[in-house]
Amino acid sequence: MGKDERFDIVIVGAGPNGMTTAAYLAKCGLSVCVLEERTECGGACETQEPIPGVRIYPHAMLMYASAAPGFEQLELHKYGFRMEWEPTNPMEAANAGLACTDGWRAISDADKLGWAKIGGMLGQPPFTRELLRATFWCPPHPSDVEVTDENTPYMQVYKKHQPDIWTPELREMTMFDLMDEHLETEPFKTGMAFAAWASGAAGHWEGVAIPAALCVQLLTLPNTGKNSIPRGGLHGYFHAIHRAAVHRGAVIRTSCPVDEILIEDGRAVGVRLRETAAAGGKTIRANKAVIAACDVHQAFLKMVGPKHLDPALIRTIKDISLKNQTLYVSVFHTKKQLTYKERFRELGEARYVGENRQPGLGIYPCDSREIYYENVRDVDGRKGQPTVPPERALWFQTPPQSFDPTDCQASYPRGYISNAFEMAVTSPDYHTEGEDALDRHKDEMDRFMRESYSQMVDGLDDDNLIHHWSATGRDIEFRNTGLIGGTWCGSRHDEDQLWTNRPLPELARYRTPIEGLYHAHQTSGHPGGLCLMAIPYNLMHILIEDGIAEPGKWWYASPYYIPQEGKISARRP
Amino acid sequence: MTQSYDVIIIGSGPNGLAAGAYLSRAGQRVLLLEKRFEAGGGLATEQVTLPEYYHNTHAIYKMMVDYAPVYRDFELESRYGVKHIQPEPQVAMPLKDGRCLCIHSDIEKSCQSIARFSKRDAESYREMRHDFARMMRHILAPQTYVPMEGALEMAARAEETELGRALSEYAEKTPQEIVFDLFEDDHVRTLMLYMACHWGLEHDQSGVSYMVPIYLDRMANYRLTAGGSHRVSNALLKCIFEHGGQIRTGAEIRRIVVERGRACGVEMQDGTHLSAEKAVVSTIDLHQTFLAYVGEENLERDFVEGLRTWEWEEWSLCNLHLALAEPPHFAAAESEPEVDRAFIYLMGYESLGDLLDHWGAMREGRLAADVGFNACFPSVHDSFQAPVGRATGLLSQMAPFDLADGGSERWLAHETREEISEQRLALLRQYVPNLSADNVLWTYLTTPADIQNKFANMVRGSYKQGAYQPLQMGYLRPNDECSHYRTPIQGLYLGGASVAPGGMVLFGPGYNCSNAIAEDFGIEKWWQELDYVTAAREEGYI
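What counts, and where the lines are drawn
- Residues numbered from 1 in each chain as written.
- Chains lettered and ligands numbered in written order.
- Predicted model: local features only at pLDDT ≥ 70, side-chain atom pairs only at ≥ 80, totals over all residues.
- Heavy atoms only, no water.
- Helix = DSSP H or I, 4+ residues; strand = E, 2+ residues; numbered from the N terminus.
- Rg over C-alpha atoms; globule rule 2.2 N^0.38 Å.
- Contact = heavy atoms within 4.5 Å.
- Areas by Shrake-Rupley, 256 points an atom, 1.4 Å probe, with all protein chains shown as cover.
- pLDDT = per-residue confidence, 0-100.
- Buried area = accessible area lost by both parts, 1.4 Å probe.
- Salt bridge = Lys/Arg side-chain N within 4 Å of Asp/Glu carboxyl O.
- Polar contact = N/O pair within 3.5 Å; in protein donor to acceptor, adjacent residues only side chain to side chain.
- Core = buried A, V, L, I, M, F, W, Y, C linked by side-chain atoms within 4.5 Å.
- Buried < 20%, exposed > 50% of the residue type's maximum accessible area, 1.4 Å probe, protein only.
- Phe/Tyr/Trp six-rings, centres within 6.5 Å; stacked < 30°, edge-to-face > 60°.
- Lys NZ or Arg CZ within 6 Å of the ring centre and 35° of its normal.
- Arc of directions from axis to C-beta.
- Pairing = 2+ DSSP bridges.
- Right-handed = clockwise from strand over helix to strand, strands pointing away.
- Axes fitted to C-alpha atoms, helices over the stretch in contact; angles between N-to-C directions.
- Nonpolar A, V, L, I, M, F, W, Y, C, P; charged D, E, K, R; others polar.
- Lys, Arg positive; Asp, Glu negative; His and termini not counted.
- Domains from an automatic or database assignment.

With that out of the way, let us pick up the overall build of chain A. Tallying secondary structure elements over chain A gives 16 helices and 21 strands in all. In terms of overall size, chain A behaves like a compact globule, its C-alpha atoms giving a radius of gyration of 23 Å where 573 residues would be expected to give roughly 25 Å. Its C-alpha atoms put chain A at 70 × 55 × 45 Å along the principal axes. Considering only residue pairs separated by 6 or more positions, chain A has 71% of its internal contacts joining residues 24 or more positions apart. Here chain A displays about 19200 Å² of accessible surface, and carbon together with sulfur accounts for 50% of that area.

Shown next as structure tokens:
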């Protein structure tokens, strides 16, 4: 196997971004090789089996990508992608409510209308998909184009379809500002702000009101609950992308860590594999481009290395904050079903979901934004172990996965598996007690998780609990080197690291200072994480501009995309 | 993309992958259907304890790397980087008194170790290894990769050669008789009997002891896949992809579509219809294949009755996977340093009585606290499998599916699991004192009940899809109508462990099934018969 090989494109990393990029480029007729360090592809779209016969999804769980052009452009349905696309609007449900310490608080009609309006559902016709695509599925504008209210994609969409959302301040607002203007009840605002925080853009950050709100809209509209989990989970979704890539001839190599991106005369010409790679320590050359679909630190600081980069750029890359909060994840295996406490029973059976009838999707406690701020202070401010008492710790729970009838390997016949239960905690690298603090405090933290969840449910006592599976940020990072600090969304989605600033203005269009080297990873490009197939779609515009990709008729560009002067436009006539 | 294929293969374990790879490279449009979320079946490598600790949760000791055709035909090593490690000593049985019995791939080294227990046994072992290696080379390995002959033809053929007659004599004995005839020392007998019965032979059953020479020859030929067993399945999957084959995972079938006595496709749970123009190959167990998916209405009554008498395996495995802070250091290494680097360990059987007691208890469904197990520390041989300086471990114990007290349900009870794990670790520490509680960072237990929960084809933990007993082996596996990979349903083929030569990642069923399909449909074979098979044929051994 010692002989060197040659492809048009070499992609480092077979997570969702690397593999989607491979699928796009292979569909353009290019020869593509994808290199993955781990034994399995999929990155954060992973499935594990902590108890034989029961799958859990330790990282990506929710389908945020519904609006992605990739579904039709890559024809994923032909490669086994299956999901119930039934559009259900949770706001229409009569019993919609947010969980507060004293029980469910109903969502008001004003909440429903306001939230639907922000999400583009009240337009004639509704413009939700256009809005979501404008926000996430559009490459950042070229650096010589000044970003204005007039040319910001989501601003254009609102101006056209829902002018009363559009205000000159919209781009400066926080999500709370936006919600105060359009929504009514405090629990609803608190819950949505927390969901945004956990999705990567916090409810209280200035300048990201719309991206933050739309992160949550990606989940709540038009799909929710059970409907937003593809068959086979996010790994099943990934399999379809993987098959789309291999069907078009992409070559995928697992257990092949890359040690170096080879640069000759300022141009990326291939990669060198580590000696222990399954393919041996050989060189794989790229005729057209090397694409780093791994995290921005590894890509630049390790694989490219300082001798090819300007020292000032290295400093700024080191400064990119890759850590948001981290999610501490738990799954409980119990002998008997978990049941709602008396005060949460009023909404009845509907709150028990899935084939094994477990408590379902929820965010708790949503009483007021004070609780939100207390949690934010612990995690982003004090950066230590939680000081909020367990009854005020904010958590959320993802929709049912286990025992879904289409989830055919959930063959474990006994006991009850809870839905994943998650809490935002301090990122390990920022933790004041050291980066292994959470690991040292794991037992204590597990207890804290159980106490918090026990505010709402009964059944987490020692007699009933068989196993408490949990993962700290470091567990997550060790498993997936690209999930720095265990953060799910790559890096902060604050104003400084969003859109044309992500991860740095000079890297925002997925190009790098090295000719022929591009990046495509949640830590390094707009719009970040959540397995959206957005970075590869956006990157396609750039690769077309540079004459590398020449897609067929199936391709369409973002209507809000601005071509770089002097380049080939990605827009097709 | 069409919903029509030449060949649809149900199951993507080693045999499904092998059949898929042979047939897709032969130009057939192949689709594999896998119920689980990953291909590979028992070729699984998973991070089930801590991140960066890779555990081979099912198949680990590869016994046919030097014989199985897939490695050669697909150039798995040179083209796909699949490497195998053959650690030495191959097998070690440390004793509490500090001695250790070691078997190496090198015969003389093994004899030196055996001679410390019995000089006569060392002589006997030397002769046995030479004899068994010849039987393996000329008869047993070739038989693995060709369709089985009927019992009468096979017996007649065996009579014609000296080697054949010698092998027939073994087949009539029980494993225990063979081992007792060969060896006198209690410890040597213990080790040999364990290894002879390791994969499901009953020590006191005659009729299938032609497998004893296989297992005692393979005992010095086991290999570990570098990077974990899953790399083998990954490589085969790549072969399939390279030749245009496809796989669908998370794909559950509702039925095998039979029209006018012919299998013409598969209907999926979601109603999708996939048609197979040439063949449907089932690599899963007999009951699912025929009773659940073909349906009794399409089968003769006698055939169905026969299926119902199919015996699952007498016992399965209870495996404890370990994430360790440091590699093991055996007490016996004080006198024999090489013990620390052995591949397979046998521990907890200080005498033959201990082993026979364990088997006796299994038959009664008892779960004794202090029974022995085999063990392996893969990261000692392959640094990829654990973080630097740390180690992975596996304690693998023969165990019944049904427990007398509580049935199989008890395997799933939290208290039982904790107790089993603690007991096994306590026994381990008697041989490996450094693996204290502090050094065991995480454990992951899979019991016979877990195996069934994980793999629907391993009913009652039957990791070979059915017992190895005289009425279910050779030409009779699974029955005389199906052992040549064809079935009473035209177009439906069997290619999994339920058909000869059986399980254990031999790739025999998948390979032989591909040959049968190629012959039935006039598909040109791009592969050549194995040299040693041709030689055996020419010399009249098969």
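It is worth spelling out the confidence of the model for chain A at this point. Mean pLDDT over chain A: 87, with 90% of residues reaching 70 or higher. For the stretch residues 222–227 of chain A, pLDDT sits under 50, and the model shows 22 contacts to residues farther than four places along the chain or on other chains.

To continue, consider the interface of chain A and chain B. Tallying the contact residues gives 39 residues for chain A and 40 residues for chain B. Around 3800 Å² of area is buried between chain A and chain B when both sides are counted, 49% of it from carbon and sulfur atoms. Put simply, chain A and chain B have two salt bridges between them. Residue Lys335(A) pairs with Glu415(B) through a salt bridge whose shortest N-O separation is 3.6 Å. Our enumeration of links across chain A and chain B arrives at 10 residue pairs in polar contact (both at pLDDT 80 or more).

Here the focus is the nonpolar core. By size, the foremost hydrophobic cluster in this structure holds 295 residues, and its most contacted members are Tyr158(A) and Tyr237(A). With residues near it in sequence (within four places) discarded, Tyr158(A) still touches Lys117(A), Ile118(A), Phe127(A), Leu131(A), Pro163(A), Ile165(A), Trp166(A), Leu170(A), Ile210(A) and Leu214(A). Grouped together as the second largest cluster of nonpolar side chains are 35 residues, Leu320(B), Phe373(B), Phe401(B) and Ile420(B) included.

Under the defined criterion, the tally for this structure stands at 46 aromatic pairs over all chains. Centre to centre, the rings of Phe132(B) and Tyr170(B) are 5.3 Å apart; their planes meet at 80 degrees, and the pair counts as edge-to-face. Separated by 38 residues along the polypeptide, Phe132(B) in helix 5 (residues 119–144) and Tyr170(B) in helix 7 (residues 162–172) bring together distant segments of the chain. Among the residues examined, Phe132(B) registers a relative accessible area of 0% and is labelled buried. Grouped by ring-pair contacts, the aromatic residues Trp104(A), Phe332(A), Tyr340(A), Phe344(A), Tyr364(A), Trp395(A), Phe421(A) and Tyr453(A) constitute a single cluster. The side chain of Arg25(B) reaches across the aromatic face of Trp526(B), ending 3.9 Å from its centre.

Residue and element names in this part refer to chain B. For helix 7, the full list of buried residues reads Leu 163, Gly 164, Leu 167, Tyr 170 and Ala 171. The arc that holds every buried residue of helix 7, seen down its axis, measures 120 degrees, which confines them to one face. Across helix 7 from its buried face, at more than 90 degrees, point the exposed residues Glu 162, Glu 169 and Glu 172. Those residues of helix 7 that are buried lie in contact with helix 5, helix 6 (151–159), helix 8 (175–182) and helix 10 (211–218).

Attention now goes to the pairing of strand 1 (residues 4–10) of chain B. Residue and element names in this part refer to chain B. Of all seven residues in strand 1, seven are buried, a share of seventy percent or more. In terms of strand pairing, strand 1 meets strand 12 (residues 273–282) through six bridges, oriented parallel. Across the sheet, Ile 9 pairs through a bridge with Val 281, a residue of strand 12. When strand 1 meets strand 2 (residues 30–33), the two strands line up parallel, connected through four bridges. Counted as the bridge partner of Val 7 is Val 30 from strand 2. Crossover strand 1 to strand 2 through helix 1 (residues 14–25) is right-handed.

A few words on the sheet that holds strand 15 (residues 373–376) of chain B. All names here are of chain B. If you trace the seven strands from one edge of the open sheet to the other, you get 7-6-14-15-16-13-17, paired in mixed fashion. The sheet is open, and its two borders are formed by strand 7 (100–103) and strand 17 (440–446), each paired with just one other strand. Across the sheet, the mean angle separating the axes of adjacent strands is 20 degrees when strand polarity is ignored.

Further remarks concern the side chain of Thr57(B). Residue and element names in this part refer to chain B. Structurally, Thr 57 can be placed in the loop between strand 4 (55–56) and helix 2 (69–73). At a separation of 2.4 Å, a polar atom in the side chain of Thr 57 contacts the side chain of Glu 46. The residues touching Thr 57, leaving out its near neighbours within four places in the chain, are Ala 44, Glu 46, Val 48, Asn 319, His 321, Tyr 444 and Lys 454.

So, about the packing of helix 9 (residues 186–197) of chain B against helix 14 (residues 352–363) of chain B. For any two helices packed against each other, the geometry is given by the interaxial angle and the distance between the axes. Residue and element names in this part refer to chain B. At their nearest, the axes of helix 9 and helix 14 sit 8 Å apart, and the two run at 30 degrees to each other. Between helix 9 and helix 14, the contacting residues are Asp 186, Arg 189, Thr 190, Leu 193, Tyr 194 and Cys 197 on the first element and Leu 352, Leu 355, Leu 356 and Trp 359 on the second. Residues of the contact of helix 9 with helix 14, tallied by class, amount to seven nonpolar, one polar and two charged.

Across all of its chains, the model carries 63 salt bridges over all chains by this definition. Measuring nitrogen to oxygen at the nearest pair gives 3.5 Å for the salt bridge that ties Arg474(A) to Glu435(A). Of this pair, Arg474(A) sits in helix 15 (residues 473–479) while Glu435(A) is found in the loop between strand 18 (421–425) and helix 13 (437–440), placing the two residues 39 residues apart along the sequence. Between Arg218(B) and Asp66(B) there is a salt bridge, and its shortest N-O distance comes to 2.7 Å. Of this pair, Arg218(B) sits in helix 10 while Asp66(B) sits in the loop between strand 4 and helix 2, placing them 152 residues apart in sequence. A relative accessible area of 2% places Arg218(B) in the buried class. Overlapping salt bridges bring together Arg509(A), Arg511(A), Glu545(A), Asp546(A) and Lys567(A) as one network.

A regular strand places its side chains so that they alternate between the two faces of the sheet. Residue and element names in this part refer to chain B. On strand 15, burial covers both faces: Phe 373 and Ala 375 on one face and Asn 374 and Cys 376 on the other are all buried. Direction of pairing for strand 14 (residues 344–347) relative to strand 15: antiparallel, over a ladder of three bridges. By the bridge assignment, Tyr 345 is partnered in strand 15 with Ala 375. Strand direction decides the pairing type here: strand 15 and strand 16 (residues 391–399), joined by three bridges, are antiparallel. When the bridges of strand 16 are listed, Asn 374 appears paired with Ser 396.

Attention now moves to the side chain of Asp111(A). Residues and elements named next belong to chain A. Within the element layout of this structure, Asp 111 appears in helix 3 (residues 109–118). For the buried residue Asp 111, which engages in no salt bridge, the nearest side chain bearing the opposite charge is Lys 189, 6.5 Å off. Not counting chain neighbours up to four residues away, the residues in contact with Asp 111 comprise Leu 183, Glu 184, Thr 185 and Phe 188.

This next bit is on the domain arrangement of chain A. Much of the literature gives interface size as the accessible area that the parts lose upon coming together. Residues and elements named next belong to chain A. Domain boundaries assigned for chain A yield domain 1 (5–49 + 234–321 + 491–545), domain 2 (111–220) and domain 3 (323–486). The partner domain 3 presents 18 residues to the 17 residues of domain 2 that form the contact. Together, the buried faces of domain 2 and domain 3 total about 1500 Å²; carbon and sulfur atoms form 65% of this surface. Summed over the shared surface of domain 2 and domain 3, the result is two salt bridges. Here Arg 369 ties to Glu 186 by a salt bridge, and the two come within 2.9 Å at their closest N and O atoms. Along the contact surface separating domain 2 from domain 3 lie six residue pairs in polar contact (both at pLDDT 80 or more). Looking at the side of domain 2 that touches domain 3, the elements with two or more residues in it are helix 6 (175–182) and helix 7 (186–199). Per element, the largest residue contribution to the side of domain 2 that touches domain 3 is 10 residues, and it comes from helix 7. Residue composition of the side of domain 2 that touches domain 3, by class: nine nonpolar, five polar and three charged.

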